[in-house]
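# A structural walkthrough
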Amino acid sequence: MAAPPYICDHIPLKAVELMTGVRNPLVRGYFDLSISGGLGAGSCAVYQRDGERLKVLLIDLTPGGYAEEVEESLGKGAPPLPEIVPGGIGYYFKAPDSKDNDAYSLLVRGKAELSVQLVYGVKGRDNAADVLALMKLIAPKLITPASAPSPSASASPKGK
């Protein structure tokens, strides 16, 4: 686990600073893990403090994830996330021709969806590895037990 301080109560500030190159960023947002039947929802946006105050990172937790969407992206060649939370499925990537060093990660478990969108990454860093590492740090905190998929009817013995 990453050490405090945290932004938006769950995101390690040091990790954000390393992957965005922005020190002491402006931060907006919060997560409420008690809403949507315990699935939680919220977002955390990180901005540059100077200049145009561009958004550099967005982390979003929403109820209503769809594993089929993830499976489609994996089928198109997106690298899969390792198992971060039991029953979770996801992917991450960095566009090969990106000038902004952007990268993206998406994790779905049951009806919960967590995304990490690095809009402006640090040149020379492995930005895809950065979004993967941040997902590993935050998903166990933000993907609540309420999102655990229930056993499917097809898993029950037939004829009983």
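Report on the accompanying structure.

Calculation criteria
Residues numbered from 1 in each chain as written. Predicted model: local features only at pLDDT ≥ 70, side-chain atom pairs only at ≥ 80, totals over all residues. Heavy atoms only, no water. Disulfide = S-S within 2.5 Å. Helix = DSSP H or I, 4+ residues; strand = E, 2+ residues; numbered from the N terminus. Buried < 20%, exposed > 50% of the residue type's maximum accessible area, 1.4 Å probe, protein only. Core = buried A, V, L, I, M, F, W, Y, C linked by side-chain atoms within 4.5 Å. Contact = heavy atoms within 4.5 Å. Pairing = 2+ DSSP bridges. Axes fitted to C-alpha atoms, helices over the stretch in contact; angles between N-to-C directions. Polar contact = N/O pair within 3.5 Å; in protein donor to acceptor, adjacent residues only side chain to side chain. Expected span 1.5 Å × (residues − 1). Bend = angle between axes of the 7 residues up to and from the residue.

This next bit is on the state of the cysteines. Two cysteines whose sulfur atoms are joined by a covalent bond form what is called a disulfide. One pass over the full model with this rule turns up one disulfide. Here cysteine 8 is linked by a disulfide to cysteine 44, with a sulfur-sulfur distance of 2.1 Å. Taking the sign of the S-S torsion, about 80° here, the bridge from cysteine 8 to cysteine 44 comes out right-handed. Here the residue cysteine 8 occupies a position in the loop between β1 (6-7) and β2 (11-12), and cysteine 44 occupies one in strand β4 (residues 41-47), the gap between them amounting to 36 residues. Residue cysteine 44 is classed as buried on the basis of its relative accessible area, which comes to 0%.

Take the nonpolar core next. Core analysis: the largest hydrophobic core is formed by 35 residues, its most contacted members being Ile11, Leu57, Ile59, Leu114 and Leu134. Mapped onto this core, the elements with two or more residues apiece are α1 (13-20), β4, β5 (55-63), β7 (103-109), β8 (112-118) and α3 (127-142). In terms of residue count, α3 provides more of this core than any other element does, eight residues in total. If we ignore the near neighbours within four places in the chain, the residues touching leucine 57 are Val16, Met19, Thr20, Cys44, Ala45, Val46, Val116, Gln117, Leu118, Val119 and Leu134. With five residues, the next largest nonpolar core counts Val70, Ala78, Tyr91 and Leu106 among its residues.

Next up on the list: the sheet that holds β8. Pairing between the strands of a sheet is mediated by backbone hydrogen bonds and can be parallel or antiparallel. Taken in spatial order, the six strands line up as β3-β4-β5-β8-β7-β6 in an open sheet, and their pairing is antiparallel. The strands lining the two open edges of the sheet, one partner per strand, are β3 (26-32) and β6 (89-94). Looking at each pair of strands side by side, their axes are set apart by 5° on average, direction ignored. As paired elements, β3 and β4 share seven bridges and run antiparallel to each other. Counted as the bridge partner of aspartate 32 is alanine 41 from β4. Packed on one face of the sheet, helix α2 (residues 67-75) meets β6, β7 and β8 and runs near 45° to β6. Lying over the sheet, α3 contacts β3, β5, β6, β7 and β8, oriented at roughly 145° with respect to β8.

Moving on, we get to the side chain of threonine 20. Structurally, threonine 20 can be placed in helix α1. A polar contact of 2.7 Å, which involves the side chain of threonine 20, links it to the backbone oxygen of valine 16. Among the polar contacts made by the side chain of threonine 20, one reaches the main-chain amide nitrogen of valine 22 at a distance of 3.2 Å. Dropping the residues within four chain positions of it, threonine 20 is found in contact with Val56, Leu57, Leu118, Tyr120 and Val122.

Turning our attention to α3. Helix length check: α3, at 16 residues, gives a terminal C-alpha distance of 22 Å against a target of 22 Å (1.5 Å per residue), a fit within 8%. In α3, a bend of some 30° at lysine 136 exceeds every other bend along the element, and proline 140, a proline, comes one to four places later. All of the buried residues along α3 are Asn127, Ala128, Asp130, Val131, Leu132, Leu134, Met135, Ile138, Ala139 and Leu142.

Just geometry here; none of it tells us what the structure is for.
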